[in-house]
Amino acid sequence: MGILDFLTGEFIDVIHWVDDTRDTMVWRFEREDHEIKYGAKLTVREGQAAVFIHEGQLADVFTPGLYMLETNNMPILTTINHWDHGFKSPFKSEIYFVNTTRFNDLKWGTKNPIMLRDPEFGPTRIRAFGTYSVRVSDPAKFLVEIVGTDGEFTMDEISYQIRNIIVQAFSRVIAGAGIPVLDMAANTADLGKIIAAEISGIVAEYGLIIPEFYIENISLPTAVEAALDKRTSMGVAGDLGAFTQYSAAEAMTAAAQNPSGGGGMGAGLGMGMGMAMAGQMAQAGPWGVAHAAAPQTPPPPPVEHVWHVADNGETKGPFSKAAIGRMAASGGLTRDTHVWTPGQDGWKRAEDIAELAQLFTVLPPPPPGA
């Protein structure tokens, strides 16, 4: 390096950071012997923060903007009362740039199943996975609690710790929620908000926040899912007998499609199953569900007619047939009395209705010419 380059480097300093990666959270500005020139220009862009460390102590945090590094605007350095115009800098300091944008599409999931007590299935194990985003909310705290003196800190270095926090909070919330497993899919949004609130209180101690948290899937163990699928299939079949017949028919179809697998034994087995199926289907209803022969019941009795009687322009009734019979015996109903019953076309004389005409045959009619 020539003398001109050396002199230029000693008297002019522009400090900034342009991040070309997608996972860098903190980056330290590197200078020879950590020398920051008096009056150096510090550029902090949007989505960044700069943390100034002087002699091992946190001096200040700079938000987006352009700054001139001088003792009069940096309180911790006010003890420096002179400026040496030589080639030695009075600032033996470090500057850490912190990425304050969101880190999105980060994965989380339960490494081992979570035990819970389901109201319907009893003790059950579930697994879950999803995504979340994280952002640095307090650069100074994040640097002190997590980064330390790491010159380049990436998201991978803390993502495992955050996943552990998420899984712990998820296990605690899901075990105490009391939501049936079959209803969890309809409540993932509410569960996500509760879990995000639980996580936020913990990661805030690291200077982080969780802006977004999503539960993509909650699943049961393979054996439980298989039993649930079989239970669903039986519910669709509607009857255990029909389900058995369906399973037997499927087995017959498979045996017919693979005649070499069992030879004559497979054919004989298929024929025997077919004959058994035929016997069952002979007693089956229109939907193929076998049922026991129900005893025959007598038909319901016929509905008794009720009658209305016309008397001097007024309608009386309704009267049962027994009441009409008593009226005929007492003379209150004669052959010429007009009667009507529901379904009858207009009023008719009692003797013109076969059902009532029988009431007047108990006594002899009046003799002719009387």
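It should be emphasised that the depicted structure is a prediction, and the values quoted were computed from it without experimental measurement.

Undergrad: Whenever I open this one, the confidence of the model for the chain confuses me. Can you help?
TA: Close inspection of predicted coordinates is inappropriate in any region flagged by low pLDDT. On average, residues of the chain score 77 in pLDDT, and 73% of them are at 70 or above. Across residues 3-11, where pLDDT falls below 50, the model places 11 contacts with residues more than four positions away in sequence or in other chains. The model gives residues 75-89 a pLDDT under 50, and that stretch makes 22 contacts with residues more than four places away or in other chains.

Undergrad: What exactly am I supposed to notice about the sheet that holds strand β17 (residues 348-349) here?
TA: Strand pairing in a sheet relies on backbone hydrogen bonds. The paired strands run either parallel or antiparallel. In space, the four strands of this open sheet follow the order β15-β14-β16-β17, with antiparallel pairing throughout. The open sheet has two free edges, formed respectively by β15 (314-319) and β17, since each of these has just one partner strand. Judged from the four bridges that link them, strand β14 (residues 307-311) and β15 form a sheet pairing that is antiparallel. Within β15, the residue paired with V309 across the bridge is K316. Sheet strands in contact with helix α8 (residues 321-330) are β14 and β15, and its direction is about 125° off that of β15.

Undergrad: Hey, could you run me through the packing of aromatic side chains in this one?
TA: Where two aromatic rings form a pair, the distance of their centres and the angle of their planes describe that pair. All chains considered together, the criterion is met by eight aromatic pairs. Consider the rings of W17 and F97, whose centres lie 6.1 Å apart with planes at 45°: the pair is tilted. One end of the pair, W17, is in the loop between β1 (14-15) and β2 (24-29); the other, F97, is in strand β8 (residues 91-99), with 80 residues separating them in the sequence. The residues W17 and F97 share a single accessibility class, namely buried. Put simply, the rings of W17, W27, F29 and F97 pair up and form one aromatic cluster.

Undergrad: I keep staring at the sheet that holds β1 and nothing clicks. Help me out?
TA: Taken in spatial order, the three strands line up as β1-β4-β7 in an open sheet, and their pairing is mixed. Two strands in the sheet have a free side with no partner beyond their single neighbour: β1 and β7 (65-69). The sheet contact formed by β1 and strand β4 (residues 40-44) spans two bridges and is parallel. Paired with V14 across the strands is K41, a residue of β4.

Undergrad: Where do I start with the environment of R335 in this structure?
TA: Mapped onto the fold, R335 is located in the loop between α8 and β16 (338-340). It is 7.2 Å that separates the C-alpha atoms of R335 and F360, two residues lying 25 residues apart in sequence.

Undergrad: Would you explain the side chain of T110 in this entry?
TA: Looking at the secondary structure, you find T110 in the loop between β9 (103-109) and β10 (114-118). Those residues in contact with T110 that lie beyond four places of it in its chain are R127, A128, V167 and F170.

Undergrad: Whenever I open this one, the packing of helix α3 (residues 156-177) against helix α4 (residues 188-203) confuses me. Can you help?
TA: Axes are the key here: two packed helices are described by the angle between their axes and the distance separating the axes. Viewed as axis vectors pointing N to C, α3 and α4 meet at an angle of 135°, and their least axial separation amounts to 9 Å. Put simply, α3 runs oblique to α4. With respect to the hand of their crossing, α3 and α4 are arranged in right-handed fashion. Of the residues in α4, those touching α3 at I165, I166, A169, F170, R172, V173, I174 and A177 are L191, I194, I195, E198, I199, I202 and V203. Taken together, the residues that form the contact of α3 with α4 break down as 13 nonpolar, no polar and two charged.

Undergrad: Sorry, what's going on with the nonpolar core here?
TA: Counting 44 residues, the largest nonpolar core has M25, Y132, L208 and F213 as the members making the most contacts within it. The greatest single-element share of this core, amounting to eight residues, is contributed by α3. Ranked by size, the runner-up nonpolar core spans 14 residues in total, among them I15, A40, V44 and A59.

Undergrad: Please explain unusual backbone geometry as it appears in this structure.
TA: Peptide bonds are mostly trans, and most non-glycine residues show a negative phi. Here D105, not a glycine, exhibits a phi torsion of approximately 55°, which is positive. Assessed through its relative accessible area of 53%, D105 is described here as exposed. Phi is positive for N312, close to 50°, though the residue is something other than glycine. For N312, the position within the fold is in the loop between β14 and β15.

Undergrad: Would you mind showing me how to read the side chain of D118 here?
TA: Within the secondary structure layout, D118 lies in strand β10. Since its relative accessible area comes to 4%, D118 is described here as buried. If sequence neighbours within four positions are ignored, D118 has contacts with T124, I179, P180 and V181.

Undergrad: Where do I start with the pairing of β15 in this structure?
TA: A regular strand carries its side chains on alternate faces of the sheet. In terms of burial, β15 is a largely surface element, zero of the six residues being buried. Linking two consecutive strands that pair antiparallel, namely β14 and β15, is a turn of two residues; a positive phi of about 50° is found at N312 within it.

So, how was this worked out
Residues numbered from 1 in each chain as written. Predicted model: local features only at pLDDT ≥ 70, side-chain atom pairs only at ≥ 80, totals over all residues. Heavy atoms only, no water. pLDDT = per-residue confidence, 0-100. Contact = heavy atoms within 4.5 Å. Pairing = 2+ DSSP bridges. Helix = DSSP H or I, 4+ residues; strand = E, 2+ residues; numbered from the N terminus. Axes fitted to C-alpha atoms, helices over the stretch in contact; angles between N-to-C directions. Phe/Tyr/Trp six-rings, centres within 6.5 Å; stacked < 30°, edge-to-face > 60°. Buried < 20%, exposed > 50% of the residue type's maximum accessible area, 1.4 Å probe, protein only. Parallel < 35°, antiparallel > 145°, perpendicular 65-115°, else oblique. Left-handed = near helix turned anticlockwise from the far one by under 90°. Nonpolar A, V, L, I, M, F, W, Y, C, P; charged D, E, K, R; others polar. Core = buried A, V, L, I, M, F, W, Y, C linked by side-chain atoms within 4.5 Å.

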